[in-house]
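Reading the structure
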Amino acid sequence: MTTSESIFEDEVELIENAEVLEEDYTPDEFVCRDEVLEDYLDVYKPIYKGRPPENAFLYGDTGVGKTAATKYLLNNLERDLTSKNESLPKDEQRELNVIWVNCENFTKTDDTTSSYQIAIGIVNKFREPGDKLSNTGYAPRDVYSMMYEEFDALGGTILVILDEVEKIGSDQTILYDIPRARDSGYLTEARVGVIGISNDYEFRKNLSPKIKDSLCETEVYFPQYTSPELQEIVRTRAEKALSSGAYDTNTIARCGAKAYQNARGSARRAIRLLKKSAEIAEKEGVEPISDDHIDRAHEKLQYDNLVQKFTDQDNQKLYILKAVAHLTEQGKTPARTSTIHGVYEAVAYHYGDKPLTQRGMFNHLSKLVMFGWINTYEHNKGRGTGQWNEHEFSDDVKPDKVQEAFTHLGREWLAVDVTDCE
Ligand SMILES: Nc1ncnc2c1ncn2[C@@H]1O[C@H](COP(=O)(O)OP(=O)(O)OP(=O)(O)O)[C@@H](O)[C@H]1O
């Protein structure tokens, strides 16, 4: 127990400005991205100059600053437009409205969405709670008309930002229709530009030439950060978030280098690592943050990351993971496909689901192998003498991580005796 008055206090406070380490914090200084920002700036210049907006497509790995750069430039543009408007007569003032849509929020059970759902989402951004459209039951043409009516009623320049645009699935018409709406005569008042943001390279490669032509008027590629760049990003955050005694040059170097090695140059990972290390050091009342704090923070993030990925899986894969978890706990791995199928069936029935056949389950199991979570060993004793596969968790996966994912999903962890299933 500390000598402080409240049990919630720590002896030393390393984090002075916690919001600077939060996910949604938009930095007022955007370091190490001069070249990218220069290209990206060209997308916004026409708006500042009162010209029609452009369309753009941003792509690059996760955590490399696509969203943050967009928010940073939009904040600057809004500020500069406000001051420019002060010197312009009323009828020449430039009005900018931004509609930010995360396409992930409109996904269906098969993990895709559609232009129709996104158009409904856009219309609903303009509507009061009692007046919102439901997800089904309208002709697509009518939904588009409502969307254009809302755009025209708002007027001025409108930027529609489609974040995680790869979730749009196969119906991608909105990516073509909005950029062309004015040329096609659907809009008379508003000028609308679309900015698509994605970390899926395949999506970009597979866009139809028609969509590439309209949406990808400007393409901005965000490369992974190098280790020194990540260190610079960590340093600027540490300066704003932490007390001066909380970190030293070693803290910055280690956080940047670890994020570079383990997370494909992701600034998100580097900042999370700094935050978690500071929390551990603070809890222990030790400063500055040491190598050991950073290493433990790294372990914890790796762990949380995997649990998070499990929670994103469909039911079938979750049931297989649970089956292998029970087999592992009871010392029965590596296990044959038929054994896993027996336990998987029991798990599926427990959760009130009809299990897939062994073949059907195997397809999902193969995906888990592909993700690197399960190792498969092929046994082949030659023609006629038998061929079979055995499977077990890879080194990174432990049964408690699967259990934690179930807890996160609010699903009860029912015990299964694997001997009943053999
Ligand atoms: N150059 C930078 N300077 C300061 N902070 C940065 C920089 N680049 C990224 N960040 C920070 O890193 C975190 C991740 O960035 P961001 O969310 O923009 O990544 P992203 O490329 O949009 O990732 P995703 O594809 O997963 O959405 C954010 O907290 C962001 O503020």
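Residues numbered from 1 in each chain as written. Predicted model: local features only at pLDDT ≥ 70, side-chain atom pairs only at ≥ 80, totals over all residues.

A few points about the site of the ligand
If you check the shell around the ligand, you find 20 residues, and the closest are Thr62, Gly65, Thr67, Ala68 and Ala267. Of all the secondary structure elements, the ones that give two or more residues to the shell around the ligand are helix H2 (66-86) and helix H10 (267-284). Residues of the shell around the ligand, tallied by class, amount to 10 nonpolar, 6 polar and 4 charged. Counting contributing residues per domain, the shell around the ligand is built from domain 1 (33-222) and domain 2 (226-310), each supplying no fewer than three. (Near = placed C-beta within 6 Å. Helix = DSSP H or I, 4+ residues; strand = E, 2+ residues; numbered from the N terminus. Nonpolar A, V, L, I, M, F, W, Y, C, P; charged D, E, K, R; others polar. Domains from an automatic or database assignment.)

Comments concerning the sheet that holds strand E8 (residues 387-393)
The pairing of strands in a sheet comes from backbone hydrogen bonds and takes either a parallel or an antiparallel form. What the 3 strands build is an open sheet, ordered E6-E8-E7; its pairing is antiparallel. Either end of the sheet is taken by a strand with one partner, and the two such strands are strand E6 (335-336) and strand E7 (374-380). Sheet contacts for helix H12 (residues 315-329): E6, E7 and E8; angle to E8, the most-contacted strand, approximately 85°. (Pairing = 2+ DSSP bridges. Contact = placed C-beta atoms within 7 Å. Axes fitted to C-alpha atoms, helices over the stretch in contact; angles between N-to-C directions.)

Side note on the packing of helix H3 (residues 115-126) against helix H4 (residues 140-154)
In contact at an axis separation of 9 Å, H3 and H4 are set at 35° when each is read in the N-to-C sense. Between H3 and H4 lies a crossing of left-handed hand. Residues Tyr116, Ala119, Ile120, Ile122, Val123 and Phe126 of H3 lie in contact with H4, whose contacting residues are Pro140, Val143, Tyr144, Met146, Met147 and Glu150. Within the contact of H3 with H4, the residues separate by chemical class into 11 nonpolar, no polar and 1 charged. (Left-handed = near helix turned anticlockwise from the far one by under 90°.)

Structural notes on the nonpolar core
Val160, Val234, Ala270 and Leu274 are the most contacted members of the largest nonpolar core, which totals 69 residues. Both domain 1 (33-222) and domain 2 (226-310) contribute no fewer than three residues apiece to this core. If you look at the next biggest cluster of nonpolar residues, it comprises 28 residues, including Ala323, Val324, Val416 and Val418. (Core = buried A, V, L, I, M, F, W, Y, C linked by C-beta atoms within 7 Å. Buried ≥ 20, exposed ≤ 12 C-beta atoms within 10 Å, placed from the backbone.)

Considering helix H1 (residues 34-48)
In this model H1 runs 20 Å from its N-terminal to its C-terminal C-alpha over 15 residues, within 8% of the 21 Å that 1.5 Å per residue would give. If you look at H1, its biggest bend is around 40°, right at Asp42, and the proline Pro46 turns up within four residues after that. Here H1 has its buried residues at Val36, Tyr40, Val43, Tyr44 and Ile47. Downstream of H1 by one or two residues, Gly50 has phi in the positive range, about 80°. (Expected span 1.5 Å × (residues − 1). Bend = angle between axes of the 7 residues up to and from the residue.)

Here we look at the domain arrangement of the protein chain
Split by domain assignment, the protein chain resolves into domain 1 (33-222), domain 2 (226-310) and domain 3 (313-421). Relative to domain 3, the C-alpha centre of domain 2 lies at a distance of 34 Å.

A look at the sheet that holds strand E4 (residues 191-198)
Taking strand neighbours across the sheet as the criterion, the 5 strands line up as E2-E3-E4-E1-E5 in an open arrangement whose pairing is parallel. The open sheet terminates on both sides in strands that have one partner only, identified here as strand E2 (96-102) and strand E5 (218-222). Direction aside, neighbouring strands of the sheet carry axes that sit 15° apart on average. Sheet topology places E2 next to strand E3 (residues 157-163); 7 bridges connect them, and they run parallel. Its bridge partner lying in E3, Trp100 is registered against Ile161. Packing against the sheet, H1 makes contact with strand E1 (56-60), E2, E3 and E5, and its axis sits at approximately 145° to E5.

Observations concerning the confidence of the model for the protein chain
The predicted coordinates of low-pLDDT regions are not to be read in fine detail. On average, residues of the protein chain carry a pLDDT of 90, and 95% of them reach 70 or more. Of the two predicted TM-score estimates for the complex, the pTM is 0.78 and the ipTM is 0.99. (pLDDT = per-residue confidence, 0-100.)

Looking at the UniProt feature "binding site: ATP" (unreviewed entry) in the protein chain
Mapped onto the present numbering, the UniProt feature "binding site: ATP" (unreviewed entry) falls on Val64, Gly65, Lys66, Thr67, Ala68, Tyr225 and Arg237. Structurally, Val64 can be placed in the loop between E1 and H2. Val64 has contacts with Phe222, Pro223, Gln224, Tyr225, Gly265, Ser266 and Ala267, leaving out every residue within four places of it along the chain. Its location among the elements puts Arg237 in helix H8 (residues 227-241). Residues in contact with Arg237, not counting those within four places in the same chain, are Val20, Leu21, Ile271 and Leu274. (UniProt positions renumbered as here; feature names shortened; annotations may be inferred.)

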